[in-house]
Amino acid sequence: MLIERKWKKWVYFYLPMALFILFTLFPFYWMAVTAFRPDPELYATWRQPNAAPLWTLHPTLEHVKGLLQTTAFPTWLWNTMLIAIVSTIISLICGMFAGYALARLRFRGSEFLGTAIFITYLVPQTLLFIPLADIIRDLQLGNTPWALMLTYPTILIPFCTWLLMGYFKTIPRELEECARIDGATRFGAMVRIIFPVAIPGILSAGIFAFTLSWNEFIYALVFMASADQKTVPVGVVSELIRGDIFFWGQLMAGALLGSVPVALVYSFFVEYYVTGLTGSVKG
Amino acid sequence: MASVSIRALNKKYDNGFHAVKDVSLEIRDKEFLVLVGPSGCGKTTTLRMVAGLEEITSGEIRIGDEVVNDLPPMDRDIAMVFQNYALYPHKTVFDNMAFGLQMRRYAKADILKRVREAAEILGIEPLLERKPRQLSGGQRQRVAVGRAIVRHPEVFLFDEPLSNLDAKLRVQMRVELKRLHERLETTAIYVTHDQVEAMTLGTRVVVMKDGYVQ
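In this report, we go over the structure that sits alongside the text. (Residues numbered from 1 in each chain as written. Chains lettered and ligands numbered in written order. Predicted model: local features only at pLDDT ≥ 70, side-chain atom pairs only at ≥ 80, totals over all residues. Heavy atoms only, no water.)

Section: the interface of chain A and chain B
Here is step 1: Across the contact, 19 residues belong to chain A and 24 residues belong to chain B.
Here is step 2: Both faces considered, chain A and chain B share a buried interface measuring about 2000 Å² in area, 64% of it formed by carbon and sulfur atoms.
Here is step 3: Our count for the chain A to chain B interface comes out at two salt bridges.
Here is step 4: With a shortest N-O distance of 2.8 Å, aspartate 182 of chain A and arginine 151 of chain B are connected by a salt bridge.
Here is step 5: Summed over the shared surface of chain A and chain B, the number is eight residue pairs in polar contact (both at pLDDT 80 or more).
Here is step 6: Elements represented by at least two residues in the side of chain A that touches chain B include exactly α8 (173-181) and α9 (186-197) of chain A.
Here is step 7: A total of seven residues in the side of chain A that touches chain B trace back to one element, the largest contributor, which is α8 of chain A. (Contact = heavy atoms within 4.5 Å. Buried area = accessible area lost by both parts, 1.4 Å probe. Salt bridge = Lys/Arg side-chain N within 4 Å of Asp/Glu carboxyl O. Polar contact = N/O pair within 3.5 Å; in protein donor to acceptor, adjacent residues only side chain to side chain. Helix = DSSP H or I, 4+ residues; strand = E, 2+ residues; numbered from the N terminus.)

A look at the pattern of salt bridges
Here is step 1: Under the criterion given, the structure shown has 17 salt bridges over all chains.
Here is step 2: Between arginine 48 of chain B and glutamate 54 of chain B there is a salt bridge, with its nearest N and O atoms 2.8 Å apart. By the burial criterion, arginine 48 of chain B is buried, and glutamate 54 of chain B matches it.
Here is step 3: Note that glutamate 176 of chain B and arginine 142 of chain B form a salt bridge whose closest N and O atoms lie 3.0 Å from each other. Separated by 34 residues along the polypeptide, glutamate 176 of chain B in helix α5 (residues 167-184) and arginine 142 of chain B in helix α4 (residues 137-149) bring together distant segments of the chain.
Here is step 4: On the basis of relative accessible area, arginine 142 of chain B is assigned to the buried category, the value being 14%.
Here is step 5: In the salt-bridge network here, residues are joined through shared partners; they are Arg104, Glu176 and Arg186 of chain A. (Buried < 20%, exposed > 50% of the residue type's maximum accessible area, 1.4 Å probe, protein only.)

Re the nonpolar core
Here is step 1: In terms of nonpolar packing, the biggest core is built from 77 residues, with Phe168 of chain A together with Leu157 and Ile189 of chain B touching the most fellow members.
Here is step 2: Contacts of leucine 157 of chain B, omitting those with residues within four sequence positions, involve Leu47, Val50, Ala51, Ile78, Ala79, Met80, Val81 and Ile189 of chain B.
Here is step 3: Counting 38 residues, the second-largest nonpolar core is a separate cluster that includes Phe32, Ala119, Val143 and Leu165 of chain B. (Core = buried A, V, L, I, M, F, W, Y, C linked by side-chain atoms within 4.5 Å.)

Some words on the environment of valine 237 of chain A
Residue and element names in this part refer to chain A.
Here is step 1: Structurally, valine 237 can be placed in helix α12 (residues 232-240).
Here is step 2: For the pair valine 237 and serine 110, spaced 127 residues apart in the sequence, the C-alpha separation amounts to 43 Å.
Here is step 3: With residues near it in sequence (within four places) discarded, valine 237 still touches Phe217 and Leu251.

Concerning the sheet that holds strand β5 (residues 66-67) of chain B
Residue and element names in this part refer to chain B.
Here is step 1: Here we have four strands laid out as an open sheet, ordered β2-β1-β4-β5, and antiparallel in their pairing. Of all the strands in the sheet, just β2 (18-27) and β5 have a single pairing partner and so form its edges.
Here is step 2: On the sheet, helix α1 (residues 43-51) packs against β1 (4-12), β2 and β4 (58-63) and is oriented at approximately 115° with respect to β1. (Pairing = 2+ DSSP bridges. Axes fitted to C-alpha atoms, helices over the stretch in contact; angles between N-to-C directions.)

What to know about the sheet that holds strand β9 (residues 204-209) of chain B
Residues and elements named next belong to chain B.
Here is step 1: If you trace the six strands from one edge of the open sheet to the other, you get β6-β7-β8-β3-β9-β10, paired in mixed fashion. If you trace the sheet from one side to the other, it starts and ends with β6 (78-81) and β10 (212-213), each paired once.
Here is step 2: In this sheet, β9 lies alongside strand β3 (residues 32-36) in parallel orientation, the contact comprising four bridges. Residue pairing in the sheet places valine 36 in a bridge with valine 207 of β9.

Some words on helix α10 (residues 199-215) of chain A
Residue and element names in this part refer to chain A.
Here is step 1: With 17 residues, α10 extends 24 Å between its outermost C-alpha atoms, agreeing within 8% with the 24 Å of an ideal straight helix rising 1.5 Å per residue.
Here is step 2: Counting buried positions along α10 gives 12 out of 17 residues, so the element sits mostly inside the fold.
Here is step 3: Among the residues of α10, those classed as buried are Pro200, Gly201, Ile202, Ser204, Ala205, Gly206, Ile207, Ala209, Phe210, Thr211, Ser213 and Trp214. (Expected span 1.5 Å × (residues − 1).)

Notes on unusual backbone geometry
Residue and element names in this part refer to chain B.
Here is step 1: Not every positive phi belongs to a glycine, and tyrosine 85 is a case in point at roughly 70°.
Here is step 2: Among the structural elements, tyrosine 85 can be located in the loop between β6 and α2 (93-103).
Here is step 3: The class of tyrosine 85 is buried, set by a relative accessible area of 7%.

Quick notes on the side chain of threonine 231 of chain A
All names here are of chain A.
Here is step 1: By secondary structure assignment, the location of threonine 231 is in the loop between α11 (218-223) and α12.
Here is step 2: Take threonine 231: its relative accessible area is 3%, and that puts it in the buried class.
Here is step 3: For threonine 231, the residues in contact, after removing those within four places along its chain, are Trp76, Thr80, Ile83, Leu148 and Ala220.

Here's what the structure looks like:
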């Protein structure tokens, strides 16, 4: 009986799990291998003798060097970081207050407002960038980081608001009522009690917002023209694909380096992130 | 110390539900009044209106000589113990108890003294540095009571504070609450659906049903 169970666990748990991990991690592995593969090997056909498409025996840093020296990659990285952080902070602050209001205050039209905010989240960016481009041009913000810092929140605020609204709703009302009896105003109770209790939710909203703005492509492509203003996703694609020539090694090195900060942010907050999404506060 | 007087109190919710109907009560100074009745009879709503957590549809509530109808909870000089304790999960026991005093800008030394005193009365001194999740149900209950007594309020409000405890602990806490009231001599309104609890605790018991006082 016991042996059979063990056998079953392998078939029904470990094997599918291994396949799943292989499936999800393979692109990252491929990216890493390509980034460190020397050019002759990279452009060799698979039918060549000694071809080893899945690994490399001659790892090289030439692509990373090329990326850092011939392109403005460090600047892109800095731009992306700055824009992601600023737009995340803006969105979090707005999302916290809006989410709280929608979760707790009873006012006329609050439900309609909640739905309306959600609907703005559903408008595809591929449509929204057209009117936004007009506004950016009128405000003369084109080709400056502000163009993105101010447009990213249009996607991020609805998202943060909804995530945080859900989280605030899981916090028992009594906590706040007790704080109000204890002498706090509504605003005081929100800032001193509800926000600290909601930190897991706030962090996960923050991580999500950060990742979304880090990876954003369309707005960054449309609003940023000169090479030194670009973000990583746009910069890598627009500068390393020249005509029909793909600089695969440098492209992959750029993708690899560009994903490191996001991976770091995730790994720091992963525990909070999970509790944030499952949302549990125990009295 | 203060009396509480409730006159012709009504509560109608937006959805038309008439939860409290013409309730009039006089709670004398130092009295321990127990409101008892089946769930949904309006007893908790009445208590919440006294606390200022629920708007009053019509009627009048006085604490001492002051009409408190439009005062926010913080200005009513009351303390409330909730059914689920409502301890602040991110604060230590000490900070939980000190919060009300800090909000009212008491001096640090005074806060320390009062919290120590309350902790001693309730026997929770060793727990002061812990977080609520590290406490058992009975201990959380004590902290919730402690948080109420540090401020020396005019009136205590209890909303079924013992219903989340197991039977044995409930009996024990009942005795302790009784003793505490005798010691502090503060006016108290206590809501419960447990008749035994009502009989043992209250200096007076008021029965409510369907929003009316019986």
